[in-house]
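# Fold and geometry: a report
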Amino acid sequence: MKSTNTMLALAATAAVLTLAACGDNGASAGGSDGGGGEEVELTFATFSPDQEPAIRQILDVFEEQNPGVSVEIQIIPWTDYWSTLQTSTAGGTGPDVAWMLGAKIGQYIDGGVLLPLDEAFEESGLDIEKYPEQLVDLFVDDGTTYALPKDFDTIGLWYNKALFDEAGVAYPTPDWTWDDVITAAKALTKPDGSVYGIGAPMDPQATYYNTIYQAGGEVISEDGTTSGYDSPEAIEGIKFWTDMINVHHVSPTLESFADTESVAQFMSGRLAMLTTGSFYAIRFANDEYSSQNFDVTELPAGAQEATIINGIGNVALASTEHPEEAARLAVFLSGEEASRISSETGTVIGSYEGTQEAFVDAFPQFNLQAFLDQAENGVVLPVSRNTDAWASREGEFLTPAWTGEQSVEEAAANLADAMNEALAQE
Amino acid sequence: MRPNRYPDNAWAAILLAVPFGGLVIFYLWPLLRTVLLSFSEGTAFTGYTITGLGNWQRLFENGDDVWRALVNTLVYAAIVLLGVPIAMVIAALLHQRGLRGRSFYRTLYFVPVVTMPVAVAMVWRYIYNGDFGLLNEVLDAVGGPTRAWVADPDTALYAVAVVGIWMALGTNLIILAAGLEAVPQTLEEAAMLDGAGPVRRFLSVTVPLLTPSIFLVSVLSVIGSLQMFDLLFIMLGRTNPALADSKTIVYLFYEEAFVRNDRPLGAVIALVTLVVTLAVTAVQFRLQRRWVTYA
């Protein structure tokens, strides 16, 4: 009897494996090392349909290396992602593995719903030294690792070569300072309003966080307990942008950016410069005008060099029925192999050292090396335990500074008060 | 007689139990949970424990936001209510005898109702765009004032309300058209024989007899407007300088509950919305005695 059961189980497993193999073009054929014979199905949640092809490719490799384990991708649109993940995780019906951001992880760690990945990481043979250190720290709490960065992005100074040529202005270089940007922006702006020198949208990650750190300020104190907005350096960093609109008149207004987002204005040739992330390389490359005319260099320096660096991590949820496999998958999705596939497809910059050059080569028309060169000056996107509680108020308090109704000093002081109040509740 | 009555009642009870069950599961139970949540503290992960009036106190201490949102919501509802007389006039025009292409026009006015609000909002965003918008092009050509309609705090709420009127027009028209069918031809003809012109007939005969439909449309329009969120969310966007002055009460709910993850405070705002909606509707029902004619 026993042997019959075993035979049946084996036959069933083999049948399922064959089916699975058909599903992914035979990538996981074989499955010969047999494993435990138990079929494990994992769900992986992500918010990016753009990255799905690369993710599928990575998962195929994982399934091949882990016979008997199959992974289903669940794409939840960004607007629903965080509320869905939170409620389903709290209700115990969440995915096994999911994308995570530094700004969100604090709540999940406090809630005790994440699996520690230290053991699975050790088994994987990956080297922690090969990840950008600032990003690793985002996902470590009290010496326990809950996620590893799968990729990273930095901010660069994108520019439109055609508009620079037309105005007879030399292209930006990595040596540029704030003053160089202002001088060039003035020369590039056309009096009839058809071209502006630079875009100054109210976008923390792409604009004012960078300049706050370049000016020597900080958004949040090192220990994450107080706001840095009321320091003279932070105010200077914000003023760099508000002056572009209200003093130098070299950027469209905040109203204009509300009507047409800055990237769309840049791609339509209305802005000569825009500081934004490496994550737009793929969009610019797929647009004929942008691909021909755009290039990118490092951000200009203020009192010091700085660029905001951010990355996505992969977490395993404690509610999973297969903790061992889930942890292994979470590590694999941030591992060397995954990193290489991400870079080679030009999807994002893989986080693992040695795999990043492939991203630079993916779009040779842009000097994407600038994003890698800046990583050493990277300041990780500021977070606290409950980032959303104060980050969601930044726009509200800084709007009057952008429209010129209030001085930057006043707006920043009000924001600092509200932020300190929110931080006190953490 | 007697043997029949009992099975009828049983069937009635069974058939009523289905919608009643739905009401309990999908409405009353969530409502009860919302009330409990509004007196609780915690997060989704730690669970919620009932602690008392803290959230309600917080709401009224930082009352400025709530008041502004309430005022904005009521202003929006009032403007969209102006769509009712517009719908009446159009319904009357479409009701004229001998009108050609009646169903074409009806379809035309009904299209916004069956279009996704997101798509509608996206199209209107282009129309209202301050730099390249269609509206500004037209106004520029005739020498009118141009501006960034949905990014300017002075106009954003009104610009959105215009879209609200346009979107509600189709539903309002259908209800009013049905009401018009019920107005007896004989009364119109009698008025005509008495020498009343089309406008006079509309105001003195049609409108009074149409008041029950007008009342229904007004109540539905106000309830819908008090819950307005999607148009604002899509047409304004999160870094819009007009946002602070244009938030509605449901937008505020969304921000607290889903952006800041403060579900208990969100529950409080949801309940405030419920109370306001009930109060406004009660006032409408009270006032109907003065102007609605039930023939």
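Rules used throughout
- Residues numbered from 1 in each chain as written.
- Chains lettered and ligands numbered in written order.
- Predicted model: local features only at pLDDT ≥ 70, side-chain atom pairs only at ≥ 80, totals over all residues.
- Heavy atoms only, no water.
- UniProt positions renumbered as here; feature names shortened; annotations may be inferred.
- Helix = DSSP H or I, 4+ residues; strand = E, 2+ residues; numbered from the N terminus.
- 1 Å grid on protein atoms, 1.4 Å probe; cavity = no way out; pocket = protein on both sides within 12 Å on 5 of 7 lines; lining within 4 Å.
- Points joined across faces, edges and corners; volume = space filled by probe spheres on them.
- Nonpolar A, V, L, I, M, F, W, Y, C, P; charged D, E, K, R; others polar.
- Contact = heavy atoms within 4.5 Å.
- Polar contact = N/O pair within 3.5 Å; in protein donor to acceptor, adjacent residues only side chain to side chain.
- Pairing = 2+ DSSP bridges.
- Axes fitted to C-alpha atoms, helices over the stretch in contact; angles between N-to-C directions.

Under the annotation held in an unreviewed UniProt entry, chain B carries the name Sugar ABC transporter permease and is attributed to Jiangella rhizosphaerae. Heading Subcellular location (unreviewed entry) of the UniProt record for chain B holds this comment: "Cell membrane". Taken verbatim from the UniProt record of chain B, the Sequence similarities (unreviewed entry) comment is "Belongs to the binding-protein-dependent transport system permease family."

Going by the annotation in an unreviewed UniProt entry, the name recorded for chain A is Sugar ABC transporter substrate-binding protein, with Jiangella rhizosphaerae given as the source organism.

Before going further, it helps to examine the UniProt feature "transmembrane region" (unreviewed entry) in chain B. All names here are of chain B. Following the UniProt record, the feature "transmembrane region" (unreviewed entry) maps to residues 12-32, 74-95, 107-127, 156-180, 201-223 and 265-285 here. Across residues 201-223 one finds 100% helix and 0% strand; the C-alpha atoms that close the span lie 31 Å apart. Taken end to end, residues 265-285 is 100% helix and 0% strand, and its two terminal C-alpha atoms sit 30 Å from one another.

Taken as a whole, the second largest pocket holds about 1,200 Å³ of empty space. Surrounding the second largest pocket, 40 residues form its lining, Gln425(A), Arg58(B), Glu256(B), Asp262(B) and Leu265(B) being those nearest its centre. When residues of the lining of the second largest pocket are traced back to their parent elements, those giving at least two are α4 (102-110), α19 (387-403) and α20 (408-424) of chain A together with β1 (40-43), α2 (54-61), α3 (63-81), α13 (249-259) and α14 (263-291) of chain B. Taken together, the residues of the lining of the second largest pocket sort by class into 12 nonpolar, 14 polar and 14 charged.

Moving on, we get to the environment of Thr345(A). Residue and element names in this part refer to chain A. Relative to the assigned elements, Thr345 resides in the loop between α16 (336-344) and β13 (349-350). With residues near it in sequence (within four places) discarded, Thr345 still touches Ala54 and Gln57. Reaching out from Thr345, the side chain makes a polar contact with the backbone oxygen of Ile341 at a distance of 2.8 Å. Within the structure, Thr345 has its side chain in polar contact with the side chain of Thr347 (distance 2.5 Å).

Okay, the sheet that holds strand β10 (residues 294-297) of chain A next. Residues and elements named next belong to chain A. On the basis of which strands lie adjacent, the open sheet formed by three strands has the order β9-β8-β10 and antiparallel pairing. Only two strands of the sheet have a single partner each, and these edge strands are β9 (273-277) and β10. Going from strand to strand, the sheet's axes swing by 35 degrees on average, the running direction of each strand aside. For strand β8 (residues 155-160) and β9, the ladder comprises five bridges, and the chain directions are antiparallel. Within β9, the residue paired with Trp158 across the bridge is Leu274.

Once that is clear, we can look at the side chain of Ser221(A). Of note, Ser221(A) is situated in the loop between α9 (208-214) and α10 (232-246). A distance of 2.6 Å separates a polar atom in the side chain of Ser221(A) from a polar atom in the side chain of Asp223(A).

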